[in-house]
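# Examining the three-dimensional arrangement
Below are the chains, spelled out letter by letter.
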Amino acid sequence: EAGVVQSPRYKIIEKKQPVAFWCNPISGHNTLYWYRQNLGQGPELLIRYENEEAVDDSQLPKDRFSAERLKGVDSTLKIQPAELGDSAVYLCASSSGGPYNEQFFGPGTRLTVL
Amino acid sequence: GQNIDQPTEMTATEGAIVQINCTYQTSGFNGLFWYQQHAGEAPTFLSYNVLDGLEEKGRFSSFLSRSKGYSYLLLKELQMKDSASYHCAALDSYYQLIWGAGTKLIIKP
């Protein structure tokens, strides 16, 4: 069974440019998470989806970040415009059956903003 | 506020036993997870505790005390491949997972 797929794996952009990350969760997983992880820190939740509904986006900086999960399957996270402080690894994870169950993570996208 | 505390770094010897402690303060509590993360890779699930006590899974065991807001991860018969960061993460009353910064475990031969 395929795991969580993310693309791109690496992205280098200049500040003020837009960037988008894509995630395809494990088939059948209704819950999808986007995290941001800085070096030496734990993952920080940005948004959680149950099917196509964003049920927790309290940590998403809505002035520049947006996300969507059309049809409740794959998802896109966008930053526009990017700032230097957005440099981090963006992780996507999925799970079945809600927050009590283990999350399966994708390999992440390492974003560098110059 | 919500907080997870765990040591920044620990060192242990191959073949030995190591215990990684975690204390948590969250708005409500719905269980505690441990994840392993090798350098440059994504986290992978190790354990989930919601009731007090010890859960054993092969060389790894996880303990929870809800009254003390305390958990530990016990790794036995350490192998070089166990060198990684270990994150403690608590599920709060809003079902949000609050992650610790991780404990970097260094295994020496």
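We now turn to the structure provided with this report. What you see as residue numbers is a count from 1 along each chain, following the sequence as written. All chains are assigned letters beginning with A, and all ligands numbers beginning with 1, in the order in which they are written. Given that the model is predicted, a residue must reach a pLDDT of at least 70 before its local features are reported, and side-chain atom pairs must reach 80 or more before they are shown or counted; all residues, however, enter totals for whole chains, interfaces and linings. Excluded from the side-chain calculation are hydrogens and water; included are all heavy atoms of the structure.

Moving on: the state of the cysteines. Put simply, a disulfide is two cysteine sulfurs that come within 2.5 Å. According to the stated counting rule, one finds 2 disulfides over all chains in the structure shown. The side chain of Cys23 of chain A participates in a disulfide bridge whose partner is Cys92 of chain A; the two sulfur atoms lie 1.9 Å from each other. Given an S-S torsion of about -70°, the disulfide between Cys23 of chain A and Cys92 of chain A has left-handed geometry. Taken together, the positions of Cys23 of chain A in strand 3 (residues 19-24) and Cys92 of chain A in strand 9 (residues 88-95) put the pair 69 residues apart, joining distant regions of the chain. We note that Cys23 of chain A, like Cys92 of chain A, is buried. Each disulfide pairs two cysteine sulfurs, and for Cys22 of chain B the partner residue is Cys88 of chain B, the sulfurs being separated by 1.9 Å. Because the sign of the S-S torsion sets the handedness, a value of about -55° for the bond joining Cys22 of chain B and Cys88 of chain B places this disulfide among the left-handed ones. We count a stretch as a helix when DSSP gives it H or I for four or more residues in a row; a strand needs E for two or more, and each element gets its number in order from the N terminus. The buried label goes to any residue with under 20% of its type's maximum accessible area, the exposed label to any with over 50%, and the partly exposed label to all in between, with areas taken from a 1.4 Å probe on protein chains only.

Moving on: the interface of chain A and chain B. Any two residues whose heavy atoms approach within 4.5 Å are treated as being in contact. Facing the 20 residues of chain A at the interface are 17 residues of chain B. Defined in terms of a 1.4 Å probe, buried area is the accessible area two parts forfeit on being brought together, summed over both. Taken together, both faces of the contact between chain A and chain B bury some 1,500 Å²; the carbon and sulfur share is 54%. Salt bridges are defined by distance alone: a side-chain nitrogen of Lys or Arg within 4 Å of a carboxyl oxygen of Asp or Glu. Taken together, the links from chain A to chain B amount to 0 salt bridges. What qualifies as a polar contact is a pair of N or O atoms within 3.5 Å, subject to a donor-acceptor requirement within protein and to the restriction that residues adjacent in sequence count only when both atoms come from side chains. Taken together, the links from chain A to chain B amount to 5 residue pairs in polar contact (both at pLDDT 80 or more). Lys, Arg, Asp and Glu make up the charged group, whereas Ala, Val, Leu, Ile, Met, Phe, Trp, Tyr, Cys and Pro make up the nonpolar group; the residues left over, Gly among them, are polar. Classifying every residue of the side of chain A that touches chain B by side-chain character gives 8 nonpolar, 9 polar and 3 charged.

Our next topic: the sheet that holds strand 7 (residues 65-68) of chain A. Residues and elements named next belong to chain A. Whether two strands pair depends on DSSP finding at least two bridges between them. The strand order across the open sheet formed by 4 strands is 1-3-8-7, and the pairing between neighbours is antiparallel. The sheet terminates laterally at strand 1 (5-7) and strand 7, the two strands that pair on one side only. Between one strand axis and the next, the sheet turns through 15° on average, direction left out of account. Here strand 7 pairs with strand 8 (residues 75-79) via 4 bridges, running antiparallel. Bridged to Ser66 within strand 8 is Lys78. What counts as an axis is a line fitted to C-alpha atoms, over the stretch in contact for a helix, and the angles between N-to-C directions run from 0 to 180 degrees.

For the rest of this paragraph, the subject is the nonpolar core. Formed by 22 residues in total, the largest nonpolar core has its most connected members in Leu32, Trp34, Leu75, Tyr86 and Leu105 of chain B. Put simply, the parts of the chain that give this core at least two residues each are strand 3 (18-25), strand 4 (32-37), strand 7 (60-65), strand 8 (70-75), strand 9 (84-91) and strand 11 (103-108) of chain B. Not counting residues up to four positions away in its chain, the partners in contact with Leu105 of chain B are Met10, Ala12, Val18, Leu75, Leu78, Asp82, Ser83, Ala84 and Tyr86 of chain B. The nonpolar core is taken to be a set of buried Ala, Val, Leu, Ile, Met, Phe, Trp, Tyr and Cys residues, with the residues joined through side-chain atoms within 4.5 Å. Counting residues in hydrophobic clusters, the runner-up holds 21 residues, among them Val19, Phe65, Ile79 and Leu111 of chain A.

In this section: the pattern of salt bridges. All chains considered together, the criterion is met by 8 salt bridges over all chains. Linking Asp86 of chain A and Arg36 of chain A is a salt bridge whose minimum nitrogen-to-oxygen distance equals 4.0 Å. One end of the pair, Asp86 of chain A, is in the loop between strand 8 and strand 9; the other, Arg36 of chain A, is in strand 4 (residues 31-37), with 50 residues separating them in the sequence. On the basis of relative accessibility, which here comes to 12%, the residue Arg36 of chain A falls in the buried class. Where Glu56 of chain B meets Lys76 of chain B, a salt bridge forms, and the shortest distance between an N and an O atom there is 3.8 Å. Residue Glu56 of chain B is found in strand 6 (residues 53-57), and its partner Lys76 of chain B is found in the loop between strand 8 and strand 9; the two are separated by 20 residues along the sequence.

On to the pairing of strand 3 of chain B. Residue and element names in this part refer to chain B. Only one face of strand 3 is covered, namely the one carrying Val18, Ile20, Cys22 and Tyr24; the face carrying Gln19, Asn21, Thr23 and Gln25 has none of its residues buried. With 3 bridges joining them, strand 1 (residues 3-5) and strand 3 adopt antiparallel strand pairing. Bridge assignment links Asp5 to a residue of strand 3, and that residue is Thr23. Of the pairings in the sheet, the one linking strand 3 to strand 8 comprises 6 bridges and is antiparallel in character. Its bridge partner being in strand 8, Cys22 is matched across the sheet by Ser71.

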